[in-house]
Amino acid sequence: MEEGDVKVIFGPSGSGKSTLLRCINMLNPPDKGEVYLRGQNIKGDGVNLNQIRSRIGMVFQHFNLFSHLTAINNVSIGLRRVKGFPKEEARNKALNVLKSVKMEKWADHYPAQLSGGQQQRVGIARALAMEPDVILFDEPTSALDPELIGEVLQVMLDIAKSGTTMVVVTHEMGFARAVASEMIFLGNGIILERGTPQHFFTSPKSDRAKTFLKQLQMLYGSHEQLLKISDKEE
Amino acid sequence: MIFQGQPNLFEEIITVLGFWDRLLSGFIITMWLYMWALIIGFFLGLMLALFRQYGGMILSRIATVYIEIMRGTPLLVQLLFFYFLPLSLNLPVGVWNFQASFTLFDKEITIILLNQRTLVAILTLGLNSAAYQAEYFRGSLLSVGSEQLMTAQSIGMPRIAGIRLIVLPQALRRVIPAWSNEAAYLPKYTVVVYFIGVLDLFAQAYIIAFVTFSVIITYIIVAMIFLIVISLVSKGLDILYERTKIPGL
């Protein structure tokens, strides 16, 4: 993966999408294979895994905000406790990041007082604040009500456009089409097909991918429509 | 007294309350035991729960065995065991006292805060309560869930820091309603110390009942004292729960 790449991973449930993401930051240590971050094997001996994880952001399907902390403290706790920022500095930085996801008004609210979309934007801000080399998104919109998906996708589009390196597990094909540098179709734990969005939306090779995309279409409408939605959001 | 007929109820109450100095010193001892047992049980229980939940194979086994033994055997047996163990091992058990005296309404009240027996009582109650408290804590650690800790680790927090900063603040808030059970049970458990001769409220009540023959009245008064204390503790914990509640939850 290169700097600034946005890879979209999709595939049927149980195909290993989330597991793959968790292998990348060693929350699920992989059985086989290696992960290199800027040339460093993160499975190697003597690697400080916590330091590595602080450079790999993660956004979760169910947001996983720390429920006893306000939005701003969710964002600043990593800065303070992992990066060792002084309190004031962490707070200022956290507020700036919250601004970038348009959540500064809600800075002092607790997660339970926020909507799903707002929670997820705080979740994204929490990952962004650490200034990671790459951010992993694990189905960031699939637990959201349809009308809340747009605000989260918008934030993700902004981040992608700003040149952030992202690995995104999602079935939002509009998003994939707009920003993915490569799409990867997983099934049963292996890569079934990979290619550009252009490739997948015009001439997917494998039958499995064809069927899957068709099903997504049936569920969410054609990708042309989705693209329009994402264009509008841009 | 013995040959007196039915004494009148009011007189009986007055007679029993005439022993207020005994009731007071017994009450102080009971509260003293309760306080220490609760504190020891809290910290040891929390440690046991953390070991059991996060301690890995060896520590979690040790914690589990400890909890099962303490919960599975009678408190009275534990108390007598710890009381007689040093004696049967011929360990030197010194006669020592740490006591407080004060005069109130012309009555001199002496309270033995710490001696061999009281120490055994405090430790046994604390060690026993820890096993029960540990399970309350474990339940609330489980209810916080592993996702929160995993998320903390995903931003680069070491596991221990994640437990301390993310899991514990949530678990300790959540545990209050369940934990209030232990806080309400424990004062009543303390009465077993009577069997090793600690002069707690129950022991004093026995003496008062023996002297006055007003058995029912004495124990009703003792029961009322427990009822009031436990109600206050429950109310206090309710307030604590409301005050520390996470907004929106």
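Every value quoted in this text rests on a predicted model; they were computed, and no experiment measured them.

Enquirer: What should I look at first to understand the interface of chain A and chain B in this one?
Expert: How large an interface is tends to be reported as the accessible area lost when its parts come together. Across the contact, 24 residues belong to chain A and 21 residues belong to chain B. Each partner contributes to the roughly 2,000 Å² buried at the junction of chain A and chain B, and carbon and sulfur atoms together form 64% of this total. At the boundary of chain A and chain B, one finds 0 salt bridges. Summed over the shared surface of chain A and chain B, the result is 6 residue pairs in polar contact (both at pLDDT 80 or more). Elements with a contribution of two residues or more to the side of chain A that touches chain B: helix H2 (49–54), strand E4 (56–59) and helix H3 (71–81) of chain A. Looking at the side of chain A that touches chain B, its residues break down into 12 nonpolar, 8 polar and 4 charged.

Enquirer: Help me understand the layout of surface pockets, please; the structure alone is not making it clear to me.
Expert: It is the rolling of a water-molecule-sized probe over the atoms that shows where space remains empty. All names here are of chain A. A volume near 1,000 Å³ is recorded for the largest pocket. Met1, Leu20, Ile24, Glu34 and Val35 are, among the 36 residues lining the largest pocket, the residues nearest its centre. Among the elements of the structure, strand E1 (6–10), helix H1 (17–24), strand E2 (36–37), strand E7 (182–187) and strand E8 (190–195) are those that each provide at least two residues to the lining of the largest pocket. Among the elements that take part in the lining of the largest pocket, H1 stands out by supplying 4 residues, more than any other. The residue inventory of the lining of the largest pocket, partitioned by class, reads 18 nonpolar, 8 polar and 10 charged.

Enquirer: Would you take a moment to explain the nonpolar core for this structure?
Expert: Nonpolar side chains tend toward joint burial in soluble globular proteins. Residue and element names in this part refer to chain A. In terms of nonpolar packing, the biggest core is built from 52 residues, with Leu98, Ile124, Met156, Met166, Phe175 and Met183 touching the most fellow members. Ranked by residues supplied to this core, first place goes to helix H6 (residues 146–161) with 9 residues. Ile124 has contacts with Val59, Val101, Phe137, Val152, Val155, Met156 and Ile159, leaving out every residue within four places of it along the chain.

Enquirer: Can you walk me through the pairing of strand E2 (residues 107–115) of chain B in this structure?
Expert: Remark: a regular strand shows side chains that alternate across the two faces of the sheet. Residue and element names in this part refer to chain B. Summarising the sheet, strand E1 (residues 97–104) and E2 pair through 8 bridges and their orientation is antiparallel. Paired with Ala100 across the strands is Ile111, a residue of E2. Counted between consecutive antiparallel strands, the loop separating E1 from E2 contains 2 residues, among which Phe105 sits at a positive phi close to 45°.

Enquirer: What is the right way to read the pattern of salt bridges from this model?
Expert: In a structure, side chains of opposite charge can pair up when their charged atoms sit close to one another. All names here are of chain B. One pass over the full model with this rule turns up 14 salt bridges over all chains. In this structure, the salt-bridge partner of Glu135 is Arg138, at a minimum N-O distance of 3.2 Å. With a gap of 3 residues between them, Glu135 and Arg138 both fall in helix H5 (residues 116–144), about one helical turn apart. The network of salt bridges with common partners includes Arg52, Glu68, Arg71, Glu135 and Arg138.

Enquirer: Please clarify how a positive patch on the surface should be interpreted in this entry.
Expert: There is a patch of like positive charges on the surface, built from A:Arg80, A:Arg81, A:Lys87 and B:Arg164. Assignment of secondary structure puts A:Arg81 in helix H3.

Enquirer: What is the right way to look at the packing of aromatic side chains in this model?
Expert: Here the distance between the centres and the angle between the planes together describe a pair of aromatic rings. Counted by the stated rule, this structure contains 16 aromatic pairs over all chains. Between the aromatic rings of A:Phe10 and A:Phe212, the centroid separation amounts to 6.0 Å while the plane-to-plane angle is 40°, which identifies the pairing as tilted. Taken together, the positions of A:Phe10 in strand E1 and A:Phe212 in helix H9 (residues 207–220) put the pair 202 residues apart, joining distant regions of the chain. Taking the relative accessible area as the measure of exposure, A:Phe212 reaches 8% and is therefore buried. Relative to B:Phe43, the ring of B:Phe42 lies with its centre 5.1 Å away and its plane at 85°, an arrangement referred to as edge-to-face. Exposure remark for B:Phe43: the relative accessible area of 55% places this residue in the exposed category. The structure contains a cluster of three or more aromatic residues connected by ring pairs, namely B:Tyr194, B:Phe195, B:Phe202, B:Tyr206 and B:Tyr219. Positioned above the aromatic ring of A:Phe66, the side-chain terminus of A:Arg126 is 4.7 Å from the ring centre.

Reading the values: rules and limits
Residues numbered from 1 in each chain as written. Chains lettered and ligands numbered in written order. Predicted model: local features only at pLDDT ≥ 70, side-chain atom pairs only at ≥ 80, totals over all residues. Heavy atoms only, no water. Contact = heavy atoms within 4.5 Å. Buried area = accessible area lost by both parts, 1.4 Å probe. Salt bridge = Lys/Arg side-chain N within 4 Å of Asp/Glu carboxyl O. Polar contact = N/O pair within 3.5 Å; in protein donor to acceptor, adjacent residues only side chain to side chain. Helix = DSSP H or I, 4+ residues; strand = E, 2+ residues; numbered from the N terminus. Nonpolar A, V, L, I, M, F, W, Y, C, P; charged D, E, K, R; others polar. 1 Å grid on protein atoms, 1.4 Å probe; cavity = no way out; pocket = protein on both sides within 12 Å on 5 of 7 lines; lining within 4 Å. Points joined across faces, edges and corners; volume = space filled by probe spheres on them. Core = buried A, V, L, I, M, F, W, Y, C linked by side-chain atoms within 4.5 Å. Buried < 20%, exposed > 50% of the residue type's maximum accessible area, 1.4 Å probe, protein only. Pairing = 2+ DSSP bridges. Patch = residues over 30% accessible without salt bridge, like charges linked within 9 Å, V, L, I, M, F, W, Y side chains within 5 Å. Areas by Shrake-Rupley, 256 points an atom, 1.4 Å probe, with all protein chains shown as cover. Lys, Arg positive; Asp, Glu negative; His and termini not counted. Charge placed at Lys NZ, Arg CZ, Asp CG, Glu CD. Phe/Tyr/Trp six-rings, centres within 6.5 Å; stacked < 30°, edge-to-face > 60°. Lys NZ or Arg CZ within 6 Å of the ring centre and 35° of its normal.

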